[in-house]
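These are the residues of each chain, in order.
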Amino acid sequence: MSVRDGAATMATNAGGGGGGGGWSNDPDDRMYLLQIYPRLAAQSSTCCNLRVQKNATTASVIADAAAALGLDPDCLYVLAEVKESGGEEWILEAGDLPVQRVLLWPRKAQEQHPQSFGFYFLLQERNHDGSIHYVHLPPLSKEQEVQRLAARGFLPPPQDDFADLCNLPVLSEDSILNNLRTRFYKKKIYTYAGSILVAINPFKFLPIYNPKYVKMYEKHQLGKLEPHIFAIADVAYYAMLRKRVNQCIVISGESGSGKTQSTNFLIHCLTALSQKGYASGVERTILGAGPVLEIIISRMMTEQATE
Ligand SMILES: Nc1ncnc2c1ncn2[C@@H]1O[C@H](COP(=O)(O)OP(=O)(O)OP(=O)(O)O)[C@@H](O)[C@H]1O
C-alpha cells in the first residue's frame, strides 16, 4: 500500500494530543476526529489529528496522515489499531473504516483518543519485503485490565465491599467471607443476601439503633439504604398492613450469635413503627415476655428431641 491522495479526508494540525472536538452537527457530513501516532524509524513524538468522515477508508486516512506529518509519499505505511486493554494491535486493511473502529471503543476514548487512554491508532512503515511487523503488547491480567480501565474512567471504580452478597462478581465461600470481613472491619455488621439479612455480632454497642434510624428506614425499599435490621422490621410491618396477613421473621444462628439481641432490635423497631412514639410501654411488655417465650420454646424443642 503506498501513500496516495486521500479522497475523503482533511488534514488538520500535526502535533500535540489535543485537537478540539471532532463532531459536526449535521449527521450527513459529520466529521470525526482521529488521532494518529507515528511509529517510524525516525521517531517523532508528534501526533497527527485528522478530521474525517465516517466512510473514510484506511488508505485515505494513511495518505492524509502521511501528508500532515510530512512523510515520504513513496514509502509504504500501515495503520494499526491499538487496544491496550485487550493487549491487541491490529493492522487495518486498506478498505477498512477507522471511524467504525473508533465507534466500538469505550465512549471516553471515542472523541479524543490520546495514547494514555489505551485506544489509539499507530502509523508505521511496512517492512522492506512488504511484510507487516505485528507487535503483541504484553497481555494484561483480567485484574490489571479492570484496574486500568477503572483508572481511565471507562469502568466505575472497583468496590471493595458489597452491601448485597448477590452482587459479588465472584461467588464463592472465600469471596463471601472476605466481603463480610471487610464490611465488619468498617463497622458494617449487616449485609444482605437478597432479602435475607446476615448479621455479625459486634459484641459491642454500635450507635445505629436510635429513633433516627427507625425513621430513616421507614417505608424504604429493601436495598436502597445500607443493610439494617430495622429495614427488615419495616418491610415486615408494612407488608402486614398492606396484605393484612401475619408476617414472620425467621432468626437463626449459633449460640451467642445475637439472635436474642436481634429480636429485641426488631421488637424495638416494630413497636416504634406501630406507635409512632418512641417511648413505649408495649415494647417493655413484649421484651419482658421474651425470656418466658425462650424457656417455653426451648422446653418444647427438648421434648420433641426426646420423643
Ligand atoms: N447487634 C449487636 N450489638 C451489640 N451487641 C450484640 C449484638 N448482637 C449480639 N450482641 C451481644 O452478644 C451477646 C450474645 O447475644 P445473644 O444473647 O443475642 O445471642 P443468642 O444468639 O441469642 O445466644 P443463645 O442462642 O445462646 O441464646 C450478648 O451479650 C449481646 O448483647
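Everything numeric in this text was worked out from a predicted model, so none of it was measured.

## Let's talk about the overall build of the chain
(1) Moving on: Check the secondary structure of the chain and you find nine helices and eight strands.
(2) Moving on: When the 307 residues of the chain are sorted by exposure, 25% land in the buried category.
(3) Moving on: Sequence-distant contacts, at least 24 apart, represent 59% of the contacts inside the chain between residues at least 6 apart.

## A short note on helix α5 (residues 173-185)
(1) Moving on: Given a rise of 1.5 Å per residue, 13 residues ought to cover 18 Å, and the 18 Å separating the end C-alpha atoms of α5 matches this to within 8%.
(2) Moving on: Looking at the residues trailing α5, positive phi occurs at K187, about 65 degrees.

## Section: the packing of helix α7 (residues 229-243) against helix α8 (residues 259-275)
(1) Moving on: Look at α7 against α8: their axes get within 9 Å of each other, and the N-to-C directions meet at 50 degrees. By the angle between their axes, α7 is oblique relative to α8. Regarding α7 and α8, the two cross each other, and that crossing is right-handed. Side by side, α7 and α8 meet where I229, F230, A233, D234 and Y237 of the first sit next to S262, F265, L266, C269, L270 and L273 of the second.
(2) Moving on: Here the residues of the contact of α7 with α8 sort into nine nonpolar, one polar and one charged.

## Some words on the site of the ligand
(1) Moving on: The environment of the ligand is formed by 14 residues, the closest being S255, G258, K259, T260 and Q261.
(2) Moving on: Classifying every residue of the shell around the ligand by side-chain character gives four nonpolar, eight polar and two charged.

## Quick word on the nonpolar core
(1) Moving on: In this structure, L34, I36, I62 and A65 are the most contacted members of the largest nonpolar core, which totals 32 residues.
(2) Moving on: When residues of this core are traced back to their parent elements, those giving at least two are β2 (31-39), β3 (48-53), α1 (58-69), β4 (77-83), α2 (98-102) and β6 (119-125).
(3) Moving on: For this core, the element with the highest residue contribution is α1, accounting for seven residues.
(4) Moving on: With 15 residues, the next largest nonpolar core counts A199, Y217, I229 and I232 among its residues.

## Some points on the environment of Y238
(1) Moving on: Take Y238: it is sitting in helix α7.
(2) Moving on: Spatially, the C-alpha atoms of Y238 and L273 are 9.4 Å apart, while their sequence positions differ by 35 residues.

## Some remarks on the UniProt feature "binding site: ATP" (unreviewed entry) in the chain
(1) Moving on: Under the local residue numbering, the UniProt record ascribes the feature "binding site: ATP" (unreviewed entry) to G253, E254, S255, G256, S257, G258, K259 and T260.
(2) Moving on: With respect to the helices, strands and loops of the structure, S257 is situated in the loop between α7 and α8.
(3) Moving on: Tracing the sequence through the fold places K259 in helix α8.
(4) Moving on: Those residues in contact with K259 that lie beyond four places of it in its chain are I251 and G253.

## Topic: the pairing of β4
(1) Moving on: The buried fraction of β4 amounts to six of the seven residues, a majority that puts the element mostly inside the structure.
(2) Moving on: Sheet topology places β4 next to β6; seven bridges connect them, and they run antiparallel. What sits directly across from V82, in β6, is Y120.
(3) Moving on: The sheet contact formed by β4 and strand β5 (residues 88-91) spans four bridges and is antiparallel. Across the sheet, residue A80 finds its bridge partner in β5, namely I91.

## Some details on the confidence of the model for the chain
(1) Moving on: In the predicted model, the chain carries a mean pLDDT of 80, and the fraction of residues at 70 or more is 79%.
(2) Moving on: This stretch, residues 1-24, has a pLDDT under 50; its non-local contacts, to residues over four places away or in other chains, come to 65 contacts.
(3) Moving on: Predicted as a complex, the structure gets a pTM of 0.53 and an ipTM equal to 0.97.

## Remarks on the environment of A272
(1) Moving on: The topology assignment puts A272 in helix α8.
(2) Moving on: What makes A272 buried here is the crowd of 23 C-beta atoms within 10 Å.
(3) Moving on: Considering only alpha carbons, one finds A272 and K215, 57 residues apart in sequence, at a separation of 9.2 Å.

## Focus on the pairing of β2
(1) Moving on: Within β2, eight of the nine residues are buried, which leaves it mostly tucked inside the rest of the structure.
(2) Moving on: Bridge count for β2 against β3 is six bridges, and the pairing is antiparallel. Counterpart to Y32 in the pairing with β3 is V52.

## Looking at unusual backbone geometry
(1) Moving on: The phi dihedral of F203 is positive, around 50 degrees, even though this residue is not glycine.
(2) Moving on: Checked against the element boundaries, F203 lands in the loop between β8 (196-199) and α6 (211-217).
(3) Moving on: Since 7 C-beta atoms lie within 10 Å of it, F203 is described here as exposed.
(4) Moving on: In the Ramachandran plot, K219 falls in the positive-phi region, its phi being about 55 degrees despite a non-glycine side chain.
(5) Moving on: Locating K219 in the fold gives a position in the loop between α6 and α7.

Here is what the cut-offs are and how they apply
- Residues numbered from 1 in each chain as written.
- Predicted model: local features only at pLDDT ≥ 70, side-chain atom pairs only at ≥ 80, totals over all residues.
- Helix = DSSP H or I, 4+ residues; strand = E, 2+ residues; numbered from the N terminus.
- Buried ≥ 20, exposed ≤ 12 C-beta atoms within 10 Å, placed from the backbone.
- Contact = placed C-beta atoms within 7 Å.
- Expected span 1.5 Å × (residues − 1).
- Axes fitted to C-alpha atoms, helices over the stretch in contact; angles between N-to-C directions.
- Parallel < 35°, antiparallel > 145°, perpendicular 65-115°, else oblique.
- Left-handed = near helix turned anticlockwise from the far one by under 90°.
- Nonpolar A, V, L, I, M, F, W, Y, C, P; charged D, E, K, R; others polar.
- Near = placed C-beta within 6 Å.
- Core = buried A, V, L, I, M, F, W, Y, C linked by C-beta atoms within 7 Å.
- UniProt positions renumbered as here; feature names shortened; annotations may be inferred.
- Pairing = 2+ DSSP bridges.
- pLDDT = per-residue confidence, 0-100.

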